[in-house]
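Below, each chain spelled out in residue letters.
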2 protein chains.
Amino acid sequence: MLASWNDSVAKRAVIAFVQRVTSEGPGFVPAAGRIATFDNDGTLWVERPMPPQFDFLLRTWAAETKNEPSLANRQPYKAIIEGDTAFFAGILTQDPNVVSPLEHAVARSWKGTTPDEFEDQVRKFIATATQPRFGVSYTDLVYRPMLELFDYLKANDFRVFVCSGGGRDFMRVFAEETWGIYKEDVIGSAADYEYVDGRIVRQDRMLGGLALGPGKPAHIDAHTGRLPLLAGGNADVDTEMLESAKFALLINHDDEHREYAYTARAEKSLARAAELGWTVVNISTDWSTVFWF
Amino acid sequence: MLASWNDSVAKRAVIAFVQRVTSEGPGFVPAAGRIATFDNDGTLWVERPMPPQFDFLLRTWAAETKNEPSLANRQPYKAIIEGDTAFFAGILTQDPNVVSPLEHAVARSWKGTTPDEFEDQVRKFIATATQPRFGVSYTDLVYRPMLELFDYLKANDFRVFVCSGGGRDFMRVFAEETWGIYKEDVIGSAADYEYVDGRIVRQDRMLGGLALGPGKPAHIDAHTGRLPLLAGGNADVDTEMLESAKFALLINHDDEHREYAYTARAEKSLARAAELGWTVVNISTDWSTVFWF
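Residues numbered from 1 in each chain as written. Chains lettered and ligands numbered in written order. Predicted model: local features only at pLDDT ≥ 70, side-chain atom pairs only at ≥ 80, totals over all residues. Heavy atoms only, no water.

A. Representation of the overall build of chain A. For chain A, the helix and strand inventory stands at 12 helices and eight strands. Against the globule reference of 19 Å for 293 residues, chain A gives a C-alpha radius of gyration of 19 Å, in line with a compact fold. Counting contacts in chain A only where the partners sit at least 6 residues apart, residues at least 24 apart contribute 66% of the total. Roughly 12,500 Å² of accessible area belongs to chain A as shown, and the carbon and sulfur atoms make up 52% of that amount. Each charge class in chain A can be summarised by its mean position, and for the 30 positive and 41 negative side chains these summaries are 1 Å apart. (Helix = DSSP H or I, 4+ residues; strand = E, 2+ residues; numbered from the N terminus. Rg over C-alpha atoms; globule rule 2.2 N^0.38 Å. Contact = heavy atoms within 4.5 Å. Areas by Shrake-Rupley, 256 points an atom, 1.4 Å probe, with all protein chains shown as cover. Lys, Arg positive; Asp, Glu negative; His and termini not counted. Charge placed at Lys NZ, Arg CZ, Asp CG, Glu CD.)

The following block contains the structure:
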């Protein structure tokens, strides 16, 4: 159990918490209440140089622009062709001049798509795309210690969920093979669907809001009827989910050699970790092994 | 297994299907795909003379009218005081002059309520309300054969979900004790929630549409990422869910002596059952025992 974790403060804190909630005594939590939730990008797999789903979107839109050159005059297609990374930086500040064209482009790409058609597209992407620095597929860049943590939690009668601001349906395609988690245990931002003529058909609107920031605990409670007993994240958009949990694990990317080193967009969560006594996992010292390869 | 089922066509059809999907061969379905979904009112418990949640709503509104007599001039409070059952019949035809006041009354009763507060109210109702004919609590009127079916399916690596047009959060209060199903496996019509100042707070809007008719398979797919392998229902509003499943079970209420006998609002689903070869469960002949008491 937890073989890729060094015998450090973080590992000991996780084990102490799990032993406390599973042992008779004041901290005991019945099995029904043992919900663990984890962010995906930067918590379960590499999110640099960009979250894999963003690579998927860019490839989709580049292909669409090739087939329909008139798109090249409009955002976000224009920015892709021109390599205008400044445009996409507007996502971070939720600039409506960036977010709105992106939402329209997502809707345009998948409007009326059935889940099976979308799944085929994602499978093809996962099978062929490689991460630029490591030259392997994105699913090879899942953190081995985190899947060991899933096993450890499941062995202690926790149900493990993933809750990401990224696309619920994107993650569900590889969740079972890659994480060993059923599709129904994947929570995320999602389109609404209707059942029409015997088929599930994607609608041009979202179901609920984005699963980011306060949207994470809201989505988790809607899906599971509970707030997490244990939660793991790595970024400011995970802060509310971590605050809502009884035990919070914050992944700190400090290993330039084996993975990446950055604190950008994790400043607030790192400050809250210090303030609230969350367990910070420093990749450089807490993990003996990072990947499976 | 299935001890309260007579050795009849219906029981044999269920067993034959489960054996087929769990045995190597052309009909085999890997465990990941083994999703079973069941309606609640009339499928898992007695829905006559009215669905229990409706009794809960009427009691809530009657109490509110007592505290605030001016409500008595407005619907649906007026109809409750006057015993105007014709008003409530408008639900069946989705009359906007009935549905709209009801939706407003629901929103008014629970706006800003936390899940814990709502849970307390439902627990109190379940603990004190009794069904008028049988004089026992509603949860004593869960069909014993259906819970045996849950056990049988789980023993064959199915995951069992409940999907009702009724309130998701109402059902989640008693799901774990009464059905042996975790809250996260309960799907239904639901309010949207936001996470504000560390609490989940109910908003004055729904999350997605009603889980009725085509809304059932849509809700099921959104929640689980799949359509059901096996589904059970009893009414016309279950038709699309049953059509979306590989194996459909339709409960036919034909036992006036031990339960109720009615086909109202099940005419379409009974016709589809005959047409599509669904397995019809006649309570009078297929169940040796109906309740636990």
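Next comes the rest of the description.
B. Fine view of the interface of chain B and chain A. Counting from both sides, the interface comprises 31 residues of chain B and, opposite them, 31 residues of chain A. Here chain B meets chain A over a buried area of about 2,500 Å², counting both sides, of which 57% is carbon and sulfur. Inspection of the region where chain B meets chain A yields 12 residue pairs in polar contact (both at pLDDT 80 or more). Of all elements in the fold, only β2 (159-167), α8 (168-179), β4 (191-196), α9 (215-224) and α10 (239-243) of chain B reach the threshold of two or more residues within the side of chain B that touches chain A. Here the side of chain B that touches chain A takes six residues from α9(B), the largest share from any one element. Taken together, the residues of the side of chain B that touches chain A sort by class into 15 nonpolar, five polar and 11 charged. (Buried area = accessible area lost by both parts, 1.4 Å probe. Polar contact = N/O pair within 3.5 Å; in protein donor to acceptor, adjacent residues only side chain to side chain. Nonpolar A, V, L, I, M, F, W, Y, C, P; charged D, E, K, R; others polar.)

C. Broad picture of the pattern of salt bridges. All names here are of chain A. Under the defined criterion, the tally for this structure stands at 38 salt bridges over all chains. Note that R123 and E177 form a salt bridge whose closest N and O atoms lie 3.1 Å from each other. With a gap of 54 residues between them, R123 in helix α6 (residues 115-128) and E177 in helix α8 (residues 168-179) connect regions that are remote in the sequence. On the basis of relative accessibility, which here comes to 35%, the residue R123 falls in the partly exposed class. One salt-bridge network, in which partners are shared between bridges, spans E119, R123, E177 and K183. (Salt bridge = Lys/Arg side-chain N within 4 Å of Asp/Glu carboxyl O. Buried < 20%, exposed > 50% of the residue type's maximum accessible area, 1.4 Å probe, protein only.)

D. Looking closely at the relation of the copies chain B and chain A. Turning chain B through 180° and shifting it by 0.0 Å along the axis lays it on chain A, with an RMSD of 0.0 Å. Given the turn and translation reported, the copies of this chain are related as if by a two-fold rotation axis. Take the interface residues of chain B: 100% of them recur as interface residues in chain A, which is what a same-surface contact looks like. (Least-squares fit on C-alpha atoms with pLDDT ≥ 70 in both.)

E. Focus on the sheet that holds strand β8 (residues 279-282) of chain B. Residue and element names in this part refer to chain B. The strand order β3-β2-β1-β6-β7-β8 describes an open sheet built from six strands, whose pairing is parallel. Bordering the open sheet on either side are β3 (186-189) and β8, each of which pairs with just one other strand. Taking each pair of neighbouring strands and ignoring which way they run, the sheet shows an average axis angle of 20°. Bridging between strand β1 (residues 35-38) and strand β6 (residues 230-233) involves three bridges; their strand directions are parallel. When the bridges of β6 are listed, A36 appears paired with L230. This element, α9, spans β1, β2 and β3 of the sheet and lies at about 130° to β2. (Pairing = 2+ DSSP bridges. Axes fitted to C-alpha atoms, helices over the stretch in contact; angles between N-to-C directions.)

F. Quick look at the pairing of β2(B). Residue and element names in this part refer to chain B. Taking burial as the measure, the nine residues of β2 include eight buried ones, the bulk of the element. Sheet topology places β1 next to β2; four bridges connect them, and they run parallel. Each bridged residue has a counterpart across the sheet, and for A36 the counterpart in β2 is V160. Sheet topology note: the β2/β3 ladder contains four bridges and is parallel.

G. Molecular detail of the sheet that holds strand β6 (residues 230-233) of chain A. All names here are of chain A. The sheet built from six strands is open, its strands ordered β3-β2-β1-β6-β7-β8 with parallel pairing. Only two strands of the sheet have a single neighbouring strand rather than two, namely β3 (186-189) and β8 (279-282). Strand-to-strand twist in this sheet, taken as the mean axis angle between neighbours without regard to direction, amounts to 20°. Sheet strands touched by helix α9 (residues 215-224): β1 (35-38), β2 (159-167) and β3. Its angle to β2, the strand with the most contacts, is close to 130°.

H. Molecular detail of the packing of helix α6 (residues 115-128) of chain B against α8(B). All names here are of chain B. It is the contact of α6 with α8, at a shortest axis distance of 9 Å, that shows an interaxial angle of 65°. Crossing of α6 over α8 shows right-handed handedness. On the side of α6, the interface is formed by F118, E119, V122, R123, F125 and I126, while α8 contributes D169, F170, V173, F174 and E177. Among the residues forming the contact of α6 with α8, the class breakdown is seven nonpolar, no polar and four charged. (Left-handed = near helix turned anticlockwise from the far one by under 90°.)

I. Local environment of a nonpolar patch on the surface. Residues and elements named next belong to chain A. Taken together, the side chains of M206, L210, L212 and V237 define a hydrophobic patch exposed on the protein surface, amounting to about 280 Å² of accessible area. Looking at where V237 falls in the secondary structure, it is placed in the loop between β6 and α10 (239-244). The exposure class of V237 is partly exposed, given its relative accessible area of 36%. (Patch = residues over 30% accessible without salt bridge, like charges linked within 9 Å, V, L, I, M, F, W, Y side chains within 5 Å.)

J. Structural context of the packing of aromatic side chains. Residue and element names in this part refer to chain B. Inspection of every chain in the model, using the stated rule, returns 46 aromatic pairs over all chains. Measuring from ring centre to ring centre gives 5.5 Å for F56 and W110, while their planes differ by 20°; the resulting arrangement is stacked. Remark: W110 occurs in helix α5 (residues 96-110) and F56 occurs in helix α2 (residues 52-67); sequence separation between them is 54 residues. Considering the side-chain rings of F291 and F293, the 5.2 Å spacing of their centres and the 10° angle between planes classify their relative orientation as stacked. (Phe/Tyr/Trp six-rings, centres within 6.5 Å; stacked < 30°, edge-to-face > 60°.)

K. Structural detail: the confidence of the model for chain A. Counting all residues, the mean pLDDT for chain A is 95, and 100% of those residues have values of 70 or more. Here the prediction assigns the complex a pTM of 0.96, and the interface score ipTM is 0.95. (pLDDT = per-residue confidence, 0-100.)

L. Examining the pairing of strand β5 (residues 199-206) of chain A more closely. Residues and elements named next belong to chain A. One ladder, built from five bridges, connects strand β4 (residues 191-196) with β5; its direction is antiparallel. Following the sheet pairing, A191 is matched in β5 by M206. What sits between the antiparallel neighbours β4 and β5 is a turn of two residues, in which D197 has the positive phi angle 50°.

M. Spotlight on helix α7 (residues 144-155) of chain A. Residue and element names in this part refer to chain A. Taking 1.5 Å per residue, 12 residues should reach 16 Å; α7 reaches 17 Å between its end C-alpha atoms and fits that length. If you check which residues of α7 are buried, you get P145, M146, L147, E148, L149, F150, Y152 and L153. In this structure, the buried residues of α7 make contact with α1 (9-22), β1, β2, α8, β6 and β7 (247-252). Following α7 by one or two positions, D157 has its phi on the positive side, about 60°. (Expected span 1.5 Å × (residues − 1).)

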